[in-house]
Amino acid sequence: MSDLSQAAPPLLGSSLLASAKAHEKARPLPASSGSATVDQNALDGGFRYGEITSIAGASGTGKTLLAYHAIASHLLTHEVGEVAFIDTTGSFSPLRLRNALAYRLEAKIQRNSYQESGYMYEKRTSALENSKETMIEEATSMLDRVKVMRVFDLAGVVEAISEVNGLTEEIAPKFETAAVVIFKKRRVEIGDSEEELDDEDEELQAEPWRESVNLHDSQGIEPHSGPIGMIIIDTITNVVSTMMAKSQTQGQALLASFLRSLRHLTSRHHICTILTNAAVGISSPNNPELRHGSRENVSIFSSTMGKPALGKMFTFLIDTSIFLSTVPKTSDDATIAFGDGGEASSYQKALILEVLKDRCGTREGRWAAFEINAEVKIAPSG
């Protein structure tokens, strides 16, 4: 028998416990979603570092805004911390992110602007001197710590992540596998072009897809103490769906390899990684199919239709799956929404953040209702 067929030696549970304790101690506190209600009721403090979180939902449900608030939390908590924002749709809004940062700065100042005086609390005059213009300037300066990378396919995402925390020279060569080389060759070599892949995929079929896209070297790489502690991919759906349209099986294989490697990188370097994802299966709330007939429902709310895109395998390869949806705000709104004669567009809605899956098992099934005010404020739904 060869040495390769021998089983790996067992590890003592005590040594694993010591390693787990050290890893947990080094992990930063969760990044806030921008709402104390959402953090407490659903997220158990916020978005965790060392894990991959997917935020899925239909357009307009607040996926990107939650990511912006996570960025704001990271920048406000870590004075020299940086964020890598990988934009696959060209929809990154520096103005909206700056406004979210300014709002969080204002909220932080308001929390710290009271001092105890006997049995009363009074505002500190120094806090009142901070004008809105000053907060805007400070928020603008914080954008220097956000690295925005525009990509058009999964190969571009891989290249962008290879630069995170200065790991390029250590692990970038691992990206140059057959799969990534194919995608590079199949790009139209025009600067920042969004041309789709060729219709011919003979080259794709012939390649050895057993070679994985590695974001790490399992041996010999020490944890890097670089400043980037958060990775945002907005959206992962945009680059994966095009790839899967060519070949579902091979697309799933490459996505699985990519996510496994990304998860290793995220865990090892205590990075808070957030992927925004689309929703599928969304239809009109007063559709007869909603009231009659069976359907797959991932939400605990019977009126919520749809589920995260990219399939069940994607959900199993990440740590936390969050789904955003809308529900009628009041009983009268529900009557309008689901009644036979109501207009679906005429009722008020509340946004729901729901944890569909949590690898640790502590948040699964928890949810919170919220509203978006003034474009950047995440407030409890009242």
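Structural data are supplied above this passage.
This structure is a prediction, so every number in the text was calculated from the model and none was measured. (Residues numbered from 1 in each chain as written. Predicted model: local features only at pLDDT ≥ 70, side-chain atom pairs only at ≥ 80, totals over all residues. Heavy atoms only, no water.)

(A) Expanded view of the packing of helix 7 (residues 154–161) against helix 12 (residues 248–268). At their nearest, the axes of helix 7 and helix 12 sit 12 Å apart, and the two run at 15° to each other. Taken together, the axes of helix 7 and helix 12 are roughly parallel relative to one another. For the pair helix 7 and helix 12, the crossing hand works out as left-handed. Each of Leu154, Val157, Val158 and Ile161 in helix 7 lies in contact with helix 12, whose residues at this interface are Leu254, Phe258, Leu262 and Leu265. Grouping the amino acids of the contact of helix 7 with helix 12 by side-chain chemistry returns eight nonpolar, no polar and no charged. (Axes fitted to C-alpha atoms, helices over the stretch in contact; angles between N-to-C directions. Helix = DSSP H or I, 4+ residues; strand = E, 2+ residues; numbered from the N terminus. Parallel < 35°, antiparallel > 145°, perpendicular 65-115°, else oblique. Left-handed = near helix turned anticlockwise from the far one by under 90°. Contact = heavy atoms within 4.5 Å. Nonpolar A, V, L, I, M, F, W, Y, C, P; charged D, E, K, R; others polar.)

(B) Region of interest: the packing of helix 11 (residues 236–246) against helix 12. Across the interface, helix 11 lies against helix 12 with an axial gap of 6 Å and an inter-helix angle of 145°. Residues Ile236, Val240, Met243, Met244 and Lys246 of helix 11 pack against Gln248, Gly251, Gln252, Leu254, Leu255 and Phe258 of helix 12. Among the residues making up the contact of helix 11 with helix 12, the classes are represented as seven nonpolar, three polar and one charged.

(C) The arrangement of helix 3 (residues 63–77) in detail. When the terminal C-alpha atoms of helix 3 are compared, their 21 Å separation across 15 residues agrees well with the 21 Å that a helix rising 1.5 Å per residue should span. Within helix 3, 13 of the 15 residues are buried, leaving the element largely enclosed by the surrounding structure. (Expected span 1.5 Å × (residues − 1). Buried < 20%, exposed > 50% of the residue type's maximum accessible area, 1.4 Å probe, protein only.)

(D) Quick peek at the packing of aromatic side chains. Scanning the model with the defined rule gives four aromatic pairs in all. On the basis of an interplanar angle of 55° and a centroid distance of 4.8 Å, the ring pair of phenylalanine 85 and phenylalanine 92 is categorised as tilted. Residues phenylalanine 301 and tryptophan 367 carry aromatic rings whose centres are separated by 5.1 Å and whose planes lie at 85° to one another, so their mutual orientation is edge-to-face. Of the two residues, phenylalanine 301 sits in the loop between helix 13 (288–291) and strand 9 (307–308) while tryptophan 367 sits in strand 12 (residues 367–373), which places them 66 residues apart along the sequence. On the basis of relative accessible area, tryptophan 367 is assigned to the partly exposed category, the value being 38%. (Phe/Tyr/Trp six-rings, centres within 6.5 Å; stacked < 30°, edge-to-face > 60°.)

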